[in-house]
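Analysis of the macromolecular model
One letter stands for each residue in the lines below.
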Amino acid sequence: MNKVILIGRLTRDPEIRYSQGASSTAVGTFSIAVDRRFKRDGEPDADFFNCTAFGKQAEFVERYLKKGTKMVVVGRVQNDNYTNKEGQKVYSTRIMVDELEFAESKNAAAGGEGSEYRPSARPEPSAAGDGFMNIPDGIDEELPFN
C-alpha cells in the first residue's frame, strides 16, 4: 500500500498548466512544508514535499490555494528519478494528490479576529425563571466553527 497523509502550509503560490491535446487536463503543482514532530539541534524544523494534482483537484488548487494556506494532503509517493545532462542520476520524490482539505478556517488563515477559540472569553448563559437558559448576545460570533 502506498498512501501518505500530510498536514502543512504551502511554501509558494501553486503553478497551474494545462495539458495539450483534444481533452486538456489541468495539472497543479505546489509544495508544502510539514513541521517535524521532534526537533533536534542543527536539523531542519520542517520537511518540504512537492505535490501534483490533476483535473478537478488541480482546478481547486488554482482557485483556492495560495502561499501560507494550511492543507491536509492525501495521496501517494512517486519517484521522480532521472539522469541529468551531465549523466548523473538525480533522485527525488513527489506526492501525487488524491484528496485535499483545508486544515484551518479562512478567518484563522487570515489571522483575523476570532481566529483563536478561547473558551474563557465566552459569556456564560444565565438561568431564567422559566427553566430555560438565556443565551447572551453576540454568542454566534464566539463559536469556533464559523
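Cut-offs applied
- Residues numbered from 1 in each chain as written.
- Predicted model: local features only at pLDDT ≥ 70, side-chain atom pairs only at ≥ 80, totals over all residues.
- Heavy atoms only, no water.
- Core = buried A, V, L, I, M, F, W, Y, C linked by side-chain atoms within 4.5 Å.
- Buried < 20%, exposed > 50% of the residue type's maximum accessible area, 1.4 Å probe, protein only.
- Helix = DSSP H or I, 4+ residues; strand = E, 2+ residues; numbered from the N terminus.
- Phe/Tyr/Trp six-rings, centres within 6.5 Å; stacked < 30°, edge-to-face > 60°.
- Salt bridge = Lys/Arg side-chain N within 4 Å of Asp/Glu carboxyl O.
- pLDDT = per-residue confidence, 0-100.
- Contact = heavy atoms within 4.5 Å.
- Arc of directions from axis to C-beta.

1. Notes on the nonpolar core
One finds F30, I32, C51, V73, V97 and L100 to be the most contacted residues of the largest nonpolar core, which totals 17 residues. Listed by contribution, the elements that provide at least two residues to this core are β1 (4-10), β3 (26-35), β4 (46-54), α1 (55-64), β5 (70-79) and β8 (93-102). The element best represented in this core is β3, accounting for four residues.

2. Re the packing of aromatic side chains
Enumeration over the complete set of coordinates arrives at two aromatic pairs. Between F60 and Y64 the ring centres are 5.1 Å apart and the planes differ by 45°, which places this aromatic pair in the tilted class. Of this pair, F60 and Y64 both sit in helix α1, four residues apart, which is roughly one turn of that helix. Y64 sits in the partly exposed class, given a relative accessible area of 46%. Aromatic side chains F60 and F102 sit 5.6 Å apart centroid to centroid with 55° between the ring planes, which places their arrangement in the tilted category. In this pair, F60 is assigned in helix α1 and F102 in strand β8, connecting sequence segments 42 residues apart. Linked through ring pairs, F60, Y64 and F102 together constitute an aromatic cluster.

3. Quick word on the pattern of salt bridges
Summed over the entire model, instances satisfying the criterion amount to six salt bridges. In this structure, E59 engages R63 in a salt bridge whose closest nitrogen and oxygen atoms are separated by 4.0 Å. Here E59 pairs with R63, and both are found in helix α1, just four residues apart, close to one helical turn. For E59, a relative accessible area of 23% gives the class partly exposed. D98 is the salt-bridge partner of R76, the closest N and O atoms lying 3.6 Å from each other. Taken together, the positions of R76 in strand β5 and D98 in strand β8 put the pair 22 residues apart, joining distant regions of the chain.

4. Some words on the confidence of the model for the chain
Per-residue pLDDT for the chain averages 82, and the proportion of residues at 70 or more is 74%. Considering only residues more than four positions removed or in separate chains, one finds that residues 114-122, a stretch of pLDDT under 50, has nine contacts.

5. Focus on α1
All of the buried residues along α1 are G55, A58 and V61. Around the axis of α1, the buried residues are gathered within 115° of arc, so they sit on the same side. Every exposed residue of α1 that faces more than 90 degrees away from the buried side is listed here: K56 and R63. The inward-facing, buried residues of α1 contact β2 (15-18), β3, β4 and β8.

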